[in-house]
Amino acid sequence: MQFRVGLGYDSHRLVEGRRLVLAGIEIPFDKGLQGHSDADVILHALTDALCGASGLPDIGRIFPDTDAQWKDADSGTLISQVAAKVRDAGWEIGNVDCVLVAQKPKIAPFISQMKTNVARLLSIEENRVNLRGKTGEGLDDVGAGLGMVSHAVALLQKKE
Ligand code: CDP
Ligand code: ZN
């Protein structure tokens with residue numbers, strides 16, 4: 001087997017008057033992430049991890065927001081398209097894992113729904129998807145609640 005690992009990272013500011021959408025699931029909270037479309041920080045980091053592992057350019061270069069086609073495109077659509085490109089290149093997704101750093105809210109109650117949704121978007125089994133939240137322990141800007149950050153890895157495999 002050939003293997004490739006990819007790293008993904010993303011961050012968005014929290015602002016009032018936006019919905020909070022994480023891994024495609026709407027979470028009740030008094031703020032939401034700022035950015036194009038849904039600003040889904042988990043899906044963006046996972047997308048970049050898949051790009052990194054497969055050698056694709058990063059998400060912003062594959063789907064430039066200067067192109068009307070991708071402006072405000074749904075993050076779920078983008079990650080599904082990247083997963084299709086990865087598969088077209090002969091790779092199978094071994095697993096993906098993501099850590100969201102967010103002081104609030106607790107995402108633990110939504111993890112199961114999020115995993116199901118990511119598995120659906122990537123067309124893989126749910127046991128290949130892992131997600132969890134960490135608070136950041138009140139440190140730095142994320143700890144102060146100014147935004148959220150996520151880190152992701154993806155493993156791809158292909159028969160030699
Ligand atoms: O206990 P430790 O310092 O390792 O972690 P923490 O950042 O204090 O978070 C404790 C637990 O809360 C985590 O293990 C997650 O299960 C949960 N958590 C969460 O669901 N959503 C967050 N945004 C942060 C933490
Ligand atoms: Zn993003």
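See the structure printed just above.
Residues numbered from 1 in each chain as written. Chains lettered and ligands numbered in written order. Predicted model: local features only at pLDDT ≥ 70, side-chain atom pairs only at ≥ 80, totals over all residues. Heavy atoms only, no water.

Q: In this structure, what is going on with unusual backbone geometry? I would like to understand it.
A: A negative phi holds for most residues other than glycine; trans holds for most peptide bonds. Each neighbour pair has its own omega, and for Lys104 with Pro105 the value is -10 degrees, a cis peptide bond. Along the chain, Pro105 turns up in the loop between strand S5 (92-101) and helix H4 (111-122). Phi angles above zero are rare outside glycine, and Ala39 is one such case at about 50 degrees. Its identity is not glycine, yet Glu137 carries a phi of approximately 55 degrees, on the positive side. (Helix = DSSP H or I, 4+ residues; strand = E, 2+ residues; numbered from the N terminus.)

Q: Honestly, the side chain of Thr47 in this entry has me stumped. Any pointers?
A: On the secondary structure map, Thr47 appears in helix H1 (residues 41-54). A residue is classified by how much of its surface remains accessible, and Thr47, at 0% relative accessible area, is buried. Within the structure, Thr47 has its side chain in polar contact with the backbone oxygen of Leu43 (distance 2.6 Å). If near-sequence neighbours (up to four positions away) are discounted, Thr47 is found in contact with Ile59, Ile79 and Val82. (Buried < 20%, exposed > 50% of the residue type's maximum accessible area, 1.4 Å probe, protein only. Polar contact = N/O pair within 3.5 Å; in protein donor to acceptor, adjacent residues only side chain to side chain. Contact = heavy atoms within 4.5 Å.)

Q: I keep staring at the layout of surface pockets and nothing clicks. Help me out?
A: Over the atoms rolls a probe the size of a water molecule, and its path tells where empty space is left. Taken as a whole, the largest pocket encloses approximately 270 Å³ of empty space. What lines the largest pocket is a set of 18 residues, and nearest its centre among them are His36, His44, Ile59, Phe63 and Leu78. The set of elements that each furnish at least two residues to the lining of the largest pocket consists of strand S1 (2-16), H1, helix H2 (59-62) and helix H3 (75-88). Its residues assigned to classes, the lining of the largest pocket comprises eight nonpolar, six polar and four charged. (1 Å grid on protein atoms, 1.4 Å probe; cavity = no way out; pocket = protein on both sides within 12 Å on 5 of 7 lines; lining within 4 Å. Points joined across faces, edges and corners; volume = space filled by probe spheres on them. Nonpolar A, V, L, I, M, F, W, Y, C, P; charged D, E, K, R; others polar.)

Q: What should I look at first to understand the sheet that holds strand S4 (residues 31-33) in this one?
A: By definition, the strands of a sheet pair up through backbone hydrogen bonds, in either a parallel or an antiparallel sense. Taking strand neighbours across the sheet as the criterion, the five strands line up as S4-S1-S7-S5-S6 in an open arrangement whose pairing is mixed. Looking at the sheet topology across the chains shown, the edges are occupied by S4 and strand S6 (129-134). In this sheet, adjacent strand axes meet at a mean angle of 20 degrees when their direction is disregarded. Pairing of S1 with strand S7 (residues 147-158), which is carried by twelve bridges, proceeds in the antiparallel orientation. Bridged to Arg4 within S7 is Leu156. Strand contacts of H1: S1, S4, S5, S6 and S7, with the helix running at about 155 degrees to S1, the strand carrying the most contacts. Lying over the sheet, H4 contacts S5 and S6, oriented at roughly 140 degrees with respect to S6. (Pairing = 2+ DSSP bridges. Axes fitted to C-alpha atoms, helices over the stretch in contact; angles between N-to-C directions.)

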